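Residue-level structural notes
Spelled out from the first residue to the last, the chains are:
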Amino acid sequence: MNHIVLIAAIGLLSTTAVFAQTVSAPLIVVEDRGGTSALPYYQSLNPQPDQATPPASMPAPRVGNSADAEAAMLPVRSTQLSPGEVQRRVIRTPGLTALFLIGDDERSRALLRQRQAALRELQAVGLVVNVESMAALTALRRLAPGLTLSPASGDDLAQRLGLRHYPVLITSTGVEQ
């Protein structure tokens, strides 16, 4: 038993020595400015406030509302998705919250009108993947009161699920139109 511990200790020691040699390789000096202090470069960061100097007042950050934030995200264009037919298929994604992808087009408006109750019952979240303006997004929301519609690119989701068209409803068990 003592031999095993001794062998393990020797192995650990030699490994540590090799590691120490590779870590302590000589440094390569890229530029030497003759010992000039780097403090002026860091003073603008103010890492530790001077006791003699009172802290500078900073303007309060501008807090906008959610409508401003959404308007800043527009227009949304999903280059991998366009309006069209979606074939129903089975997927297995346990725990996925129901969501649907729509755009500012007639197919999407029709889906909102026809399946509004079912979407509410599923508590589905809507991603508006192609919309140009806040006015267009607001018009879509008027068609579906009580549903969450958020502007967002659908390209990543389209790639992951192999989608090319919308409107589409995605649940934990399937993809359908």
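Predicted model only: the values in this text are computed from it and were never measured.

The helix and strand inventory of the protein chain stands at 6 helices and 8 strands. Secondary structure elements of the protein chain, listed N to C terminal, follow the sequence α-α-α-β-β-β-α-β-α-β-α-β-β-β. Put simply, the protein chain has 177 residues, and 27% of those count as buried. Long-range pairs, those at least 24 residues apart, make up 80% of the contacts in the protein chain with a sequence separation of at least 6. Within the structure as shown, the protein chain displays about 12,900 Å² of accessible surface, and the carbon and sulfur contribution to it stands at 59%.

The next subject is helix H4 (residues 106-122). Taking 1.5 Å of rise per residue, the 17 residues of H4 would be expected to cover 24 Å, and the 23 Å separating its terminal C-alpha atoms lies within 8% of that figure. Largest kink in H4: about 75°, centred on Arg 115. Turning to H4, its buried residues are Ser 108, Leu 111, Leu 112, Gln 116 and Leu 119. Where H4 is buried, its residues touch strand E3 (99-103), helix H5 (134-143), strand E6 (165-166) and strand E7 (168-170).

All right, on to the environment of Leu 163 then. Mapped onto the elements of the fold, Leu 163 is located in the loop between helix H6 (155-161) and E6. Taking the C-alpha atoms as reference points, Leu 163 and Val 175, 12 residues apart in sequence, are found 9.3 Å from one another. Apart from the residues lying within four places of it in its own chain, the contact partners of Leu 163 are Gln 80, Leu 81, Arg 89, Leu 101, Ala 158, Val 168, Ile 170 and Val 175.

Looking now at the pairing of E3. Among the 5 residues that make up E3, 5 are buried, leaving the element largely enclosed by the rest of the structure. Every second residue of E3 is oriented toward a common face, with Leu 99, Leu 101 and Gly 103 on one face and Phe 100 and Ile 102 on the other, all of them buried. Relative to strand E4 (residues 125-130), E3 runs parallel, the two being bridged by 5 bridges. Within E4, the residue paired with Gly 103 across the bridge is Asn 130. With H4 bridging E3 and its parallel neighbour E4, the resulting β-α-β unit is right-handed.

Bringing the pairing of strand E5 (residues 148-151) into the picture now. Every second residue of E5 is oriented toward a common face, the buried set being Leu 149 and Pro 151 and the non-buried set Thr 148 and Ser 150. By the bridge criterion, 4 bridges tie E4 to E5 in an arrangement that is parallel. Paired with Leu 127 across the two strands is Ser 150, which belongs to E5. Once the chain exits E4 it traverses H5 before rejoining the sheet at E5, and the crossover so formed is right-handed.

So, on to the sheet that holds E5. The strand order across the open sheet built from 6 strands is E2-E8-E7-E3-E4-E5, with neighbouring strands paired in mixed fashion. Taken across any chain shown, the strands that pair with only one partner, and hence form the sheet edges, are strand E2 (89-90) and E5. Bridging between E2 and strand E8 (residues 174-176) involves 2 bridges; their strand directions are antiparallel. Note on E8: the bridge partner recorded for Arg 89 is Val 175. The sheet contacts of H4 involve E3, E7 and E8, and relative to E3 the element is tilted by about 160°. On top of the sheet, H5 reaches E3, E4 and E5; it is set at about 160° to E5, its chief contact.

Rules behind the numbers
Residues numbered from 1 in each chain as written. Predicted model: local features only at pLDDT ≥ 70, side-chain atom pairs only at ≥ 80, totals over all residues. Heavy atoms only, no water. Helix = DSSP H or I, 4+ residues; strand = E, 2+ residues; numbered from the N terminus. Buried < 20%, exposed > 50% of the residue type's maximum accessible area, 1.4 Å probe, protein only. Contact = heavy atoms within 4.5 Å. Areas by Shrake-Rupley, 256 points an atom, 1.4 Å probe, with all protein chains shown as cover. Expected span 1.5 Å × (residues − 1). Bend = angle between axes of the 7 residues up to and from the residue. Pairing = 2+ DSSP bridges. Right-handed = clockwise from strand over helix to strand, strands pointing away. Axes fitted to C-alpha atoms, helices over the stretch in contact; angles between N-to-C directions.

Everything listed here is a matter of coordinates, which is why it stays silent on function.
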